[in-house]
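Structural characterization, general
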Amino acid sequence: MERFTISLDDELARQFDAFIADKGYGNRSEAVRDLIRSRLGSAVLNKPSKRPTAWCVANVSYVYDHHEHTVTSRVMDLQHDHHDLVITSLHTHLDHDHCLETVVLRGPTGAVQACAEQLVALRGVRHGNVHLVPLDISEPHAHGKSKPHRHLKPMN
């Protein structure tokens, strides 16, 4: 593990320590590592890729009123239209009217981003949020007599 030192003015250090306490981090190092991972992941996702097959995984969550049947239909149609990207979905009843849905997508970054943005932009969908994580694709390999396969793991 590599160590480095940073200097912060007193006010920024106070705000950072408050952030650490609010988020439940055990120490500054873990918080800094998470912030760096987040920024590096965003930079990878927002940079035009020379590799058109760059992949990611996304968690898309949104709330809608299930009495608005056209919203339910639009959400389901969009998920079925992108069945190759949708890994799973979780439907949670919040009250008599509202549902929270969480969908996990995985695939080429451009396609995943487009699908996620379409989901949260659907008319009737509220409180939409997308969290994208870039994935590294391993070289093909096999275990024993299994077929060759690749692993998709989060970029560090």
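The present account deals with the structure reproduced in this document. (Residues numbered from 1 in each chain as written. Predicted model: local features only at pLDDT ≥ 70, side-chain atom pairs only at ≥ 80, totals over all residues. Heavy atoms only, no water.)

**Details of the nonpolar core**
- Within the largest apolar cluster, 19 residues are counted, with the highest numbers of intra-cluster contacts made by Val60, Tyr62, Val75, Leu105 and Leu119.
- Looking at this core, the elements that each hand over two or more residues are strand 1 (55-65), helix 3 (69-81), strand 3 (98-108) and helix 4 (109-121).
- The biggest single contributor to this core is strand 1, with five residues.
- Beyond its immediate chain neighbours, meaning those up to four positions away, valine 75 contacts Tyr62, Glu101, Leu119, Leu122 and Val125. (Core = buried A, V, L, I, M, F, W, Y, C linked by side-chain atoms within 4.5 Å. Buried < 20%, exposed > 50% of the residue type's maximum accessible area, 1.4 Å probe, protein only. Helix = DSSP H or I, 4+ residues; strand = E, 2+ residues; numbered from the N terminus. Contact = heavy atoms within 4.5 Å.)

**Some words on unusual backbone geometry**
- Within the chain, histidine 127 stands out as a residue other than glycine whose phi angle is a positive 55°.
- When you line up the elements, histidine 127 lands in strand 4 (residues 125-137).
- Take histidine 127: its relative accessible area is 66%, and that puts it in the exposed class.

**Notes on the packing of helix 3 against helix 4**
- In contact at an axis separation of 10 Å, helix 3 and helix 4 are set at 175° when each is read in the N-to-C sense. The angle between helix 3 and helix 4 falls in the class roughly antiparallel. Contacts between helix 3 and helix 4 involve Val75, Leu78 and Gln79 on the former and, on the latter, Cys115, Gln118 and Leu119.
- Residue composition of the contact of helix 3 with helix 4, by class: four nonpolar, two polar and no charged. (Axes fitted to C-alpha atoms, helices over the stretch in contact; angles between N-to-C directions. Parallel < 35°, antiparallel > 145°, perpendicular 65-115°, else oblique. Nonpolar A, V, L, I, M, F, W, Y, C, P; charged D, E, K, R; others polar.)

**Quick notes on the environment of valine 63**
- Structurally, valine 63 is set in strand 1.
- The class of valine 63 is buried, set by a relative accessible area of 12%.
- Separated by 37 residues in the primary sequence, valine 63 and leucine 100 have C-alpha atoms spaced 4.5 Å apart.
- With residues up to four places along the chain from it excluded, the contact list for valine 63 reads Leu94, His98, Cys99, Leu100, Gly124, Val125, Arg126 and His127.

**Thoughts on helix 1 (residues 10-23)**
- The end-to-end C-alpha separation of helix 1 is 20 Å, in line with the 20 Å expected for 14 residues at 1.5 Å each.
- What helix 1 keeps buried is the set Ala13, Phe16 and Ile20. Taken down its axis, helix 1 places every buried residue within 65° of arc, on the same side. In helix 1, those exposed residues whose orientation departs by more than 90 degrees from the buried face are Ala21 and Asp22.
- Residue aspartate 9 occupies the N-cap position of helix 1, its side-chain oxygen lying 3.1 Å from the main-chain nitrogen of glutamate 11. (Expected span 1.5 Å × (residues − 1). Arc of directions from axis to C-beta. Polar contact = N/O pair within 3.5 Å; in protein donor to acceptor, adjacent residues only side chain to side chain.)

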